[in-house]
Amino acid sequence: MTYPSQRVAYGYFLAAVLLFVLQITFGFVMLAKYLGPDPLLNTLNFATAKEIHIDLLLVWLLTGFMGATYFIVPEESRTELWSERLAWLQLTLWLAIGVTTVVGFLFGITEGRKFLEMPLPLKFGVVVVMGIFLVNISMTIKKAGRFTATEGVLVGGLAGVALLFVPGLIHFDNYTLDRFYRWWVVHLWVEGVWELVQGGMLAFLLIRLSGADREVIEKWLYVIVGLSFLSGILGTGHHYYWIGTPYYWLWVGGIFSALEPLAFLGMAMYAYSMLRRSGLSHPNSLALHWTVGSALLSTVGAGVLGLAHTWPQVNQWTHGTHITTMHGHLAFFGAYAMINLAMITYAMPALTGQRDEARQTTLGYTAFWLMVAGIFGMTMALGAAGIVQTYLERILGYGYLETQQKMQVHYLMWLFTGTIFAAGVAAFTWDFVTAGVPKGVGEARRAVSTAGAVV
């Protein structure tokens, strides 16, 4: 750990890992409702379990992104954080908002807007948290007087996250308008500015893990940013096909969605090119596994599988089926979960004062391969289920419940492969919590109680 204030990243990483575990737990709750028996049949309905599962996904990924930024920016700008206390206060507020939101969902307190269910007062709390985060990072960079393209893309992506959250604060009485602007948040996050965050983290990791020239890597980064903006913004149109918008969105959404895989293909080529030059000699080979895995699986999950069903001629049949579930699971895991896990794996030796070699544990590698095998198996199970569902429901006209009965074998495959994945998550979590705690973290967390005076 080059700068003591980087230890704040550990708190964010710990929170992210525990939220990841909770998200997987609610995934099994949902699967029980598909497959049965459902022990929470009369206690927790499917819609509530789904909104908690999805919101936990967004929260743990964003928590990891913020922790990674608090680790990367001091390294890139070569200075301590502007305010470590403010970073701890931000984490406290962020987790308090998250807990309040989930508890509220359990009691039916929700706006009822898909993917934007969080009640409005808590959304304003998110705005405050993101404001604290961006001020702290901006002041750190300003204090240092050193600003790299890598941190620029990373911080720019997170600033975009804050900016694009604004449409989610606005209520529209017209349902089509509400859905139209909802995708400004949801799509432009995950298929827009989050790609910049992934690109920035990938660049940082490749510079450190491959020893490649910074200038070369950052040139690749500019290409990825350009491709993301070119395809991602107008690619939003593939969400507009069936919600009452003008016909031209079929063309715009179809054409630019076909270009979206280029950004992820660029990331994979970029990682391969850098590692081909330097080899796999870095002692933190486990972080290298996660980094390369993110570049490759995001290309397949977000790129290829996204392209496979976003053409309007295909989407008219597959929309709302498990084809979407298949794409979503592999895309989120490959693009964003794996880059977070790569960053955590890379940072932990520095945070805990160990050598890179000491952190290359058998349990760590087991976690990697179990998660990769599990997510691949889930993708196959969900893909098969989606094809069956599309054919029976949309082509032959079977009813929903009758189709569900015929898909039970695929749900059993989903359960089996999901259990393998969950075992990997458990192994990663245990490996993380037994690695040790950075010196001074306890004292820093206790100082949060007096941080209000700083703010």
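Preceding this paragraph is the structure being described.
Just so it is clear, the model here is predicted, and its values are computed rather than measured.

Draft legend 1. Representation of the overall build of the protein within the structure. Looking only at helices and strands, one finds 16 helices and zero strands in the protein. Its C-alpha atoms give the protein a radius of gyration of 22 Å, near enough to 23 Å, the size a compact globule of 455 residues would have. C-alpha atoms of the protein, sized along the principal axes, occupy 60 × 50 × 45 Å. In the protein, which comprises 455 residues, the share counted as buried stands at 58%. In the structure as shown, the protein presents an accessible area of about 18,800 Å², 69% of it carried by carbon and sulfur atoms. For the protein, the centre of its 25 positive side-chain charges and the centre of its 24 negative side-chain charges are spaced 4 Å apart.

Draft legend 2. View of the side chain of Gln 6. Here Gln 6 shows up in the segment before helix 1 (8-35). Taking relative accessible area as the criterion, Gln 6 reaches 0% and is therefore assigned buried. Of note is the side chain of Gln 6, whose polar atom sits 3.2 Å from the backbone nitrogen of Thr 2. In terms of polar contacts, Gln 6 uses its side chain to reach the backbone carbonyl oxygen of Phe 71, at 2.7 Å.

Draft legend 3. Region of the structure containing a nonpolar patch on the surface. A surface patch of nonpolar side chains, amounting to about 510 Å² of accessible area, comprises Val 99, Val 103, Leu 106, Phe 107 and Ile 109. Mapped onto the fold, Leu 106 is located in helix 3 (residues 84-106).

Draft legend 4. Structural detail: the environment of Ala 203. As for its position among the elements, Ala 203 is in helix 6 (residues 175-210). Between the C-alpha atoms of Ala 203 and Leu 296, which are 93 residues apart in sequence, the distance is 15 Å. Those residues in contact with Ala 203 that lie beyond four places of it in its chain are Thr 150, Ile 217, Leu 221 and Tyr 270.

Draft legend 5. Representation of the environment of Gly 377. Tracing the backbone through its elements, the reader meets Gly 377 in helix 13 (residues 362-395). What makes Gly 377 buried here is its relative accessible area of 15%. A C-alpha to C-alpha distance of 5.3 Å links Gly 377 and Thr 417, two positions 40 residues apart in sequence.

Draft legend 6. Quick peek at the nonpolar core. Trp 189, Trp 194, Trp 290, Phe 333, Met 343 and Met 371 are the most contacted members of the largest nonpolar core, which totals 138 residues. Apart from residues no more than four positions distant in its own chain, Trp 189 is found in contact with Leu 62, Val 161, Leu 164, Phe 165, Trp 194 and Glu 195.

Draft legend 7. Representation of the packing of helix 6 against helix 12 (residues 322-352) in the model. Viewed as axis vectors pointing N to C, helix 6 and helix 12 meet at an angle of 35°, and their least axial separation amounts to 10 Å. Judged by the sense of rotation from one axis to the other, the crossing of helix 6 with helix 12 is left-handed. Of the residues in helix 12, those touching helix 6 at Val 190, Glu 191, Trp 194, Glu 195, Gln 198, Met 201, Leu 202, Phe 204, Leu 205, Arg 208 and Leu 209 are Phe 332, Gly 334, Ala 335, Tyr 336, Ile 339, Asn 340, Ala 342, Met 343 and Tyr 346. The residue makeup of the contact of helix 6 with helix 12, split by class, is 14 nonpolar, three polar and three charged.

Draft legend 8. How the structure looks around the packing of aromatic side chains. Evaluation of the coordinates by the stated rule reveals 32 aromatic pairs. Note on Phe 65 and Tyr 336: the rings are 6.2 Å apart at their centroids and 80° apart in plane angle, and the pair reads as edge-to-face. Linking Phe 65 in helix 2 (residues 46-77) with Tyr 336 in helix 12, this pair joins segments that are 271 residues apart in sequence. Each member of the pair, Phe 65 as well as Tyr 336, is classed as buried.

Conventions we followed
Residues numbered from 1 in each chain as written. Predicted model: local features only at pLDDT ≥ 70, side-chain atom pairs only at ≥ 80, totals over all residues. Heavy atoms only, no water. Helix = DSSP H or I, 4+ residues; strand = E, 2+ residues; numbered from the N terminus. Rg over C-alpha atoms; globule rule 2.2 N^0.38 Å. Buried < 20%, exposed > 50% of the residue type's maximum accessible area, 1.4 Å probe, protein only. Areas by Shrake-Rupley, 256 points an atom, 1.4 Å probe, with all protein chains shown as cover. Lys, Arg positive; Asp, Glu negative; His and termini not counted. Charge placed at Lys NZ, Arg CZ, Asp CG, Glu CD. Polar contact = N/O pair within 3.5 Å; in protein donor to acceptor, adjacent residues only side chain to side chain. Patch = residues over 30% accessible without salt bridge, like charges linked within 9 Å, V, L, I, M, F, W, Y side chains within 5 Å. Salt bridge = Lys/Arg side-chain N within 4 Å of Asp/Glu carboxyl O. Contact = heavy atoms within 4.5 Å. Core = buried A, V, L, I, M, F, W, Y, C linked by side-chain atoms within 4.5 Å. Axes fitted to C-alpha atoms, helices over the stretch in contact; angles between N-to-C directions. Left-handed = near helix turned anticlockwise from the far one by under 90°. Nonpolar A, V, L, I, M, F, W, Y, C, P; charged D, E, K, R; others polar. Phe/Tyr/Trp six-rings, centres within 6.5 Å; stacked < 30°, edge-to-face > 60°.

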